[in-house]
Amino acid sequence: MFAIRCPRIVRAALAALVFFALLAPAVAAQAVGEVLVKVKVSDTQGGNFRPILNPRDQLGRGIAAVGDINGDGVLDLAVGAHGADDGGSAGIDSQVGAVWILFMGTDGRPVGSQKISATQGGFNGALDDGDEFGRAVGALGDLDVDGVPDIVVGATCDDDGGFNRGAAWILFMNSDGTVKSHQKISDTQGNFTGILDNEDEFGRGFALLDDWDNNGVRELAVAATLDDDGGENSGAFYVLFMNADGTVASHQKVSRSFGNLNAPINANDTFGMSIANIGDLDGDGVVDMVSTALGDDTGGVQTGAAWILFMNTNGTVKGFDKISASRGLVGALDRRDQFGFNSAGIGDHDGDGVVDILVGCALDDDGGGNEENSNRGAAYVIFMNPNGSVKSFAKISATAGNLMDNLGVQDWFGTGCAWLGDLDGDGFGDISVGARFDDDGGQNQGAIYNLLLQGGVGAAPAAEFTGSPLSGNPDLIVTFQDQSTGQINRWNWDFGDGGTSVFPSPKHRYTTPGAYTVSLTVSGPAGTDAETKVGYVVVGAGAVVADFSADVTGGPAPLSVQFTDESLGSPTTFAWDFGDGGTSTLQNPSHLYSVPGLYTVSLTATG
């Protein structure tokens, strides 16, 4: 027996080198899920590039890690300040809203910032008094594949089609944090055909999903928290199957009445108060979701709940479980805590191979003494079982989780939640939690807490990925899929043309002919691993890029092999070297191998 190796000239001239480094796990100074380092970012704290806020701006109601906008290799944040008055006509009561792009450093402090509002940041969409632009924000990945991540911003009280029906603004971003262009999705715009009613508040929450319809664009779930399916303000969300221009191709509604939910969602539950992609919890290959309902009364009036939703790729629900005061958090929640103010998927934080979640509980009274309604707030790091039940949890509040901050009365810590990946590079995942009514610098100006957490140590990362398509003409868009295993909190891609990404499964546009080597480095508490694929992506047109295939690559001698030219760029001459001394100048030659051995075949194509 012998085998024939067929490395593609240019694509595989050198074997890929894989570097693996095993890092010593950090010594656990705190329990898993507790705070190691706290960095507060507000009008008065967080370094020289903190946001400049005004009274009642309410920074921190919406928080999202949106990717590496400025290209420095660190995840950046979008943080809503929906009470901001830029461009308003009613002074401090205008509540037009704004979003801050915070360019993050690895220590949890911003190294730069850019405000987006009716008067700043290059945004020229029409905002009105009371729109509350920024009440929710979300990541979109690089929707237009220009190398810069894009974002979505909710304006929950937008009046397109009727009073407070809400809207979602798709913002195509520049690398300096300003807006390049936008597309609005509402009752009257963006090709959205869902039926919105007055006060539905579409745009209260966002979850970026996978590309379920295989059109090359990831889907976006959008909450309509005060939808009335099943009762007044029972709540809903829409799975929007997206187009690359930010418009909607189709949608699926999930509520008490739609989407195969079949769950007891009641009036005033506000199902969809927040929604998040939590990863593939049940291991069926489809990402799952959490949808919170802070008005849920299970276990007490407005104790709140989080619904774990196992999803189908058509946007409907396959199954569900519920986390509440009577299931999973027994004895932890009190009446009117409103568990579920916000939520986020946080990867496998404890290292058991199962994804975990973060849920805000903004009206929790820890630290309030005998005051039942101090509403200082809390956040729960919840360690999950694959069936959607709770394995355990860690609480972070004024008195728990090593926050080391008393918080203020009515701060509402927990109003915003986001996973930061491994921001500081210690291997463990980190989070951001908003406190929208914090008074640093002025009344209700708001703040966020970037919290570097203790994590558990699981399996070592093993990097692997695929891409498609791998060849084509310039302006080629390749979708990369992370297929790494182990506990991972950080992804760093190098696309070989100067482009990079920190998303797990990004897209990238190749504009210049050539063969590009792609590398993915993944990191977690148990170490770092890298996978490099030499000449993995081939871009033709104009320049010739040699490529070929063989009908068989192994068998008993003598072995006849048919080679097929698959070169790009219309070559006119061909020079084959079959590795055994044989050559050919035919475009698609055949060759007979008579002696057992391992042969390297090369093709040089010119034109």
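Every value quoted in this text rests on a predicted model; they were computed, and no experiment measured them.

Rules used in this analysis
Residues numbered from 1 in each chain as written. Predicted model: local features only at pLDDT ≥ 70, side-chain atom pairs only at ≥ 80, totals over all residues. Heavy atoms only, no water. Helix = DSSP H or I, 4+ residues; strand = E, 2+ residues; numbered from the N terminus. Rg over C-alpha atoms; globule rule 2.2 N^0.38 Å. Contact = heavy atoms within 4.5 Å. Areas by Shrake-Rupley, 256 points an atom, 1.4 Å probe, with all protein chains shown as cover. Lys, Arg positive; Asp, Glu negative; His and termini not counted. Charge placed at Lys NZ, Arg CZ, Asp CG, Glu CD. Core = buried A, V, L, I, M, F, W, Y, C linked by side-chain atoms within 4.5 Å. Buried < 20%, exposed > 50% of the residue type's maximum accessible area, 1.4 Å probe, protein only. Pairing = 2+ DSSP bridges. Axes fitted to C-alpha atoms, helices over the stretch in contact; angles between N-to-C directions. Salt bridge = Lys/Arg side-chain N within 4 Å of Asp/Glu carboxyl O. Polar contact = N/O pair within 3.5 Å; in protein donor to acceptor, adjacent residues only side chain to side chain. Patch = residues over 30% accessible without salt bridge, like charges linked within 9 Å, V, L, I, M, F, W, Y side chains within 5 Å. Disulfide = S-S within 2.5 Å. Phe/Tyr/Trp six-rings, centres within 6.5 Å; stacked < 30°, edge-to-face > 60°. pLDDT = per-residue confidence, 0-100.

The next point concerns the overall build of the protein. Per the secondary structure count, the protein includes zero helices and 42 strands. The C-alpha atoms of the protein give 26 Å as radius of gyration, which agrees with the globular expectation for 607 residues (25 Å, within 12%). Structurally, the protein occupies a C-alpha span of about 90 × 50 × 50 Å along its principal axes. Relative to all contacts within the protein whose residues are 6 or more apart in sequence, the contacts with residues 24 or more apart total 59%. As displayed, the protein offers around 21300 Å² of accessible surface, 49% of which is attributable to carbon and sulfur atoms. With 31 positive and 77 negative side-chain charges, the protein shows a separation of 3 Å between the mean positions of the two kinds.

Next up on the list: the nonpolar core. The biggest cluster of nonpolar side chains holds 23 residues, and the ones touching the most others in it are I308, I323, F339 and I382. Contributing elements (two or more residues each) for this core: strand 16 (271–279), strand 18 (305–311), strand 21 (357–361) and strand 22 (378–384). Of the residues forming this core, the biggest block, four residues, is contributed by strand 22. Contacts of I382, omitting those with residues within four sequence positions, involve I323, F339, D356, I357, V359, V390, S392 and F393.

Turning our attention to the sheet that holds strand 4 (residues 59–67). Overall, antiparallel pairing links the four strands, which are arranged 4-5-6-7 in an open sheet. At either margin of the open sheet sits one strand with a lone partner, and together these are strand 4 and strand 7 (110–116). Sheet twist, expressed as the average angle between the axes of neighbouring strands with direction ignored, equals 25 degrees.

Quick look at the pattern of salt bridges now. Applying the stated criterion across every chain yields a total of 26 salt bridges. Close ionic contact of K180 with D144 constitutes a salt bridge, the shortest N to O distance being 2.8 Å. Of this pair, K180 sits in strand 11 (residues 179–186) while D144 sits in the loop between strand 8 (133–139) and strand 9 (151–155), placing them 36 residues apart in sequence. Each of the salt bridges in this network shares a partner with another, and the network as a whole consists of K40, D438 and D440.

Okay, unusual backbone geometry next. Of all residues except glycine, most have a negative phi; of all peptide bonds, most are trans. The step from S468 to P469 runs through a cis peptide bond, and the omega angle for that step is -10 degrees. One can find P469 in the loop between strand 27 (465–468) and strand 28 (471–472). The amide bond that connects A557 to the next residue, P558, takes the cis arrangement and shows omega of -5 degrees. Inspection of the secondary structure puts P558 in the loop between strand 36 (554–555) and strand 37 (559–565).

Let's shift gears to the pairing of strand 17 (residues 288–293). Within a regular beta strand, the side chains point alternately toward one face of the sheet and then the other, so they alternate between its two faces. Burial within strand 17 is extensive, with six of its six residues counted as buried. The two faces of strand 17 match: D288, V290 and T292 on one face and M289, S291 and A293 on the other face are all buried. Sheet analysis places strand 16 next to strand 17, joined by five bridges and oriented antiparallel. Residue pairing across strands places N277 opposite M289, the latter belonging to strand 17. Here strand 17 runs beside strand 18; their pairing, made up of five bridges, is antiparallel. Paired with V290 across the bridge in strand 18 is I308.

Quick look at the side chain of D365 now. Summarising the element assignment, D365 is placed in the loop between strand 21 and strand 22. Polar contacts involving the side chain of D365 include one to the main-chain amide nitrogen of N375, which spans 2.9 Å.

What follows deals with a negative patch on the surface. The grouping of D197, E199, D228 and E232 at the surface amounts to a negative patch. Position of D197 among the secondary structure elements: in the loop between strand 11 and strand 12 (202–208). For D197, a relative accessible area of 38% puts it in the partly exposed group.

With that settled, the discussion passes to the environment of A84. Here A84 is to be found in the loop between strand 5 (76–81) and strand 6 (99–104). C-alpha separation for the pair A84 and G33, spaced 51 residues apart in sequence, amounts to 33 Å. Not counting chain neighbours up to four residues away, the residues in contact with A84 comprise R56, D57, Q95, V96, G97 and A98.

The antiparallel open sheet is built from four strands, whose spatial order is 16-17-18-19. Of all strands in the sheet, those with a lone pairing partner are strand 16 and strand 19 (317–324), marking the two edges. If you compare each strand with its neighbour and ignore which way they point, the axes differ by 25 degrees on average.

Scanning all chains against the criterion turns up zero disulfides. C417 provides the cysteine sulfur closest to C361, a residue in no disulfide bond, and the two sulfurs are 10 Å apart.

For the rest of this paragraph, the subject is the pairing of strand 27. In strand 27, alternate side chains face the same way, and those of F465 and G467 are buried while those of T466 and S468 on the opposite face are not. Where strand 27 and strand 29 (residues 476–482) come together, four bridges link them in antiparallel fashion. In the sheet register, T466 faces strand 29, and the bridge partner there is Q481.

For S523, the location among the structural elements is in strand 33 (residues 514–524). Take S523: its relative accessible area is 13%, and that puts it in the buried class. A polar side-chain atom of S523 sits 3.1 Å from a polar atom in the side chain of T528. Leaving out residues up to four positions away in the same chain, S523 has contacts with P461, Q487, I488, N489, R490 and T528.

Next up on the list: the packing of aromatic side chains. On inspection of all chains with the given rule, the structure shows 26 aromatic pairs. Centre to centre, the rings of W493 and F495 are 6.1 Å apart; their planes meet at 20 degrees, and the pair counts as stacked. W493 gets classed as buried once you look at its relative accessible area, which sits at 3%. Grouping aromatic residues by their ring pairs yields a cluster made of F465, F480, W493, F495 and Y536.

Positionally, A398 belongs in the loop between strand 23 (390–397) and strand 24 (413–421). A residue is classified by how much of its surface remains accessible, and A398, at 15% relative accessible area, is buried. Linking A398 and F413, residues 15 residues apart in sequence, is a C-alpha distance of 9.3 Å. Not counting residues up to four positions away in its chain, the partners in contact with A398 are D366, G367, L403, D405, N406 and L407.

Mean pLDDT over the protein stands at 92; residues scoring 70 or higher make up 94%. Here residues 1–28 scores under 50 on pLDDT; set against residues more than four positions off or in separate chains, the count is 79 contacts.

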